[in-house]
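Chain by chain, the residues run as shown.
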Amino acid sequence: QQPVQSPQAVILREGEDAVINCSSSKALYSVHWYRQKHGEAPVFLMILLKGGEQKGHEKISASFNEKKQQSSLYLTASQLSYSGTYFCGTERAGSARQLTFGSGTQLTVLP
Amino acid sequence: DAGVIQSPRHEVTEMGQEVTLRCKPISGHDYLFWYRQTMMRGLELLIYFNNNVPIDDSGMPEDRFPAKMPNASFSTLKIQPSEPRDSAVYFCATASGSPNQPQHFGDGTRLSIL
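Residues numbered from 1 in each chain as written. Chains lettered and ligands numbered in written order. Predicted model: local features only at pLDDT ≥ 70, side-chain atom pairs only at ≥ 80, totals over all residues. Heavy atoms only, no water.

### Regarding the packing of aromatic side chains
Residue and element names in this part refer to chain B.
Line of reasoning, step 1. Counting across every chain of the model gives 11 aromatic pairs over all chains.
Line of reasoning, step 2. Ring geometry for F33 and Y35: centres 6.3 Å apart, planes at 25 degrees, overall stacked. Neither F33 nor Y35 differs from the other in exposure class; each is buried. (Phe/Tyr/Trp six-rings, centres within 6.5 Å; stacked < 30°, edge-to-face > 60°. Buried < 20%, exposed > 50% of the residue type's maximum accessible area, 1.4 Å probe, protein only.)

Rendered as structure tokens:
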């Protein structure tokens, strides 16, 4: 079953912060976050493997609440280059690296 | 590392024709995934292989989409016969067997069926 992402779209000014949420009804082993720019392939951002673990990538970080099967992606002091569609991919235990992707969150950063 | 290589990048063909999409995985990656992306349905997993063996093809829409992986260096996804509703971007992604490693996507094939 597809994870639910929210919001569907968000518009920011450069320097503002944003949070993108990903929620699953199934028990998860890991959550993967990708960013896709128009006409390009999804690009890997980070993997969250353990409950409550928070990882960082430049000014982008994420958390994973294993008990609630929820993950959040935090973008701080957004830059123009952050614009794109963000996807979470969820991996269930025993699913042999198979990911189910959410419908995506379209992020637009304006100058 | 050359990354995942897909060909062709673009394909335009008429309904009823056979289409062949190709993927060369990253060397050493044990898993290969075929995805289809459309505005309406998002990013859907069609089929994936582990060590050249198909593991799950439950995402395949119908029998018109035979996928093969004859060796560790090559996979094909065919559409035969093609229909306008097959128009989409098809991505191939590969991954190692390690749980903390991501899937790496190829640049995709943008397919238009007229």
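### A look at the sheet that holds strand 3 (residues 19–24) of chain B
Residues and elements named next belong to chain B.
Line of reasoning, step 1. Strand order in the open sheet formed by four strands is 1-3-8-7, and the pairing between neighbours is antiparallel. With one partner strand each, in any of the chains shown, strand 1 (5–7) and strand 7 (67–71) form the two edges of the open sheet. On average, each strand axis in the sheet is inclined to that of its neighbour by 20 degrees, with strand direction left out of account.
Line of reasoning, step 2. Of the pairings in the sheet, the one linking strand 3 to strand 8 (residues 74–79) comprises five bridges and is antiparallel in character. Directly across from T20, in strand 8, lies its bridge partner K78. (Pairing = 2+ DSSP bridges. Helix = DSSP H or I, 4+ residues; strand = E, 2+ residues; numbered from the N terminus. Axes fitted to C-alpha atoms, helices over the stretch in contact; angles between N-to-C directions.)

### Describing the interface of chain B and chain A
Line of reasoning, step 1. Listed as interface residues are 22 residues of chain B and, on the opposing side, 18 residues of chain A.
Line of reasoning, step 2. The interface formed by chain B and chain A includes zero salt bridges.
Line of reasoning, step 3. Put simply, chain B and chain A have six residue pairs in polar contact (both at pLDDT 80 or more) between them.
Line of reasoning, step 4. For the side of chain B that touches chain A, the leading source of residues is strand 4 (residues 31–38) of chain B, giving four residues.
Line of reasoning, step 5. When its residues are assigned to classes, the side of chain B that touches chain A shows 11 nonpolar, eight polar and three charged. (Contact = heavy atoms within 4.5 Å. Salt bridge = Lys/Arg side-chain N within 4 Å of Asp/Glu carboxyl O. Polar contact = N/O pair within 3.5 Å; in protein donor to acceptor, adjacent residues only side chain to side chain. Nonpolar A, V, L, I, M, F, W, Y, C, P; charged D, E, K, R; others polar.)

### Focus on the side chain of B:R36
Line of reasoning, step 1. Mapped onto the fold, B:R36 is located in strand 4.
Line of reasoning, step 2. Leaving out residues up to four positions away in the same chain, B:R36 has contacts with B:R41, B:G42, B:L43, B:E44, B:L46, B:P61, B:F65, B:D86, B:A88, B:V89 and B:Y90.

### With respect to the state of the cysteines
Line of reasoning, step 1. If you walk through the whole model with that rule in mind, you get two disulfides over all chains.
Line of reasoning, step 2. Between the sulfur atoms of A:C22 and its disulfide mate A:C88 the distance is 2.0 Å. Every disulfide takes its handedness from the sign of the S-S torsion; for A:C22 and A:C88 that torsion is 75 degrees, giving right-handed. Taken as a pair, A:C22 in strand 3 (residues 18–23) and A:C88 in strand 9 (residues 84–91) lie far apart in primary sequence, 66 residues in all.
Line of reasoning, step 3. Using a relative accessible area of 2% as the deciding quantity, one classes A:C22 as buried.
Line of reasoning, step 4. Covalently, B:C23 is tied to B:C92 through a disulfide, its sulfur atoms 1.9 Å apart. Every disulfide takes its handedness from the sign of the S-S torsion; for B:C23 and B:C92 that torsion is -65 degrees, giving left-handed. Within this pair, whereas B:C23 is found in strand 3, its partner B:C92 is found in strand 9 (residues 88–95), the two being separated by 69 residues in sequence. The residues B:C23 and B:C92 share a single accessibility class, namely buried. (Disulfide = S-S within 2.5 Å.)

### Structural notes on the confidence of the model for chain B
Line of reasoning, step 1. On average, residues of chain B carry a pLDDT of 94, and 99% of them reach 70 or more.
Line of reasoning, step 2. Strand 3 of chain B holds the highest mean pLDDT among the elements of chain B, 98, whereas strand 6 (residues 53–56) of chain B holds the lowest, 91. (pLDDT = per-residue confidence, 0-100.)

### Comments concerning the pairing of strand 11 (residues 109–113) of chain B
Residues and elements named next belong to chain B.
Line of reasoning, step 1. The alternating pattern of strand 11 places T109, L111 and I113 on a buried face, while none of R110 and S112, on the opposite face, is buried.
Line of reasoning, step 2. Of the strand pairs in this sheet, strand 2 (residues 10–13) and strand 11 are connected by four bridges, and their pairing is parallel. Opposite H10, over in strand 11, you have R110 as the bridge partner.
Line of reasoning, step 3. Sheet topology note: the strand 9/strand 11 ladder contains three bridges and is antiparallel.

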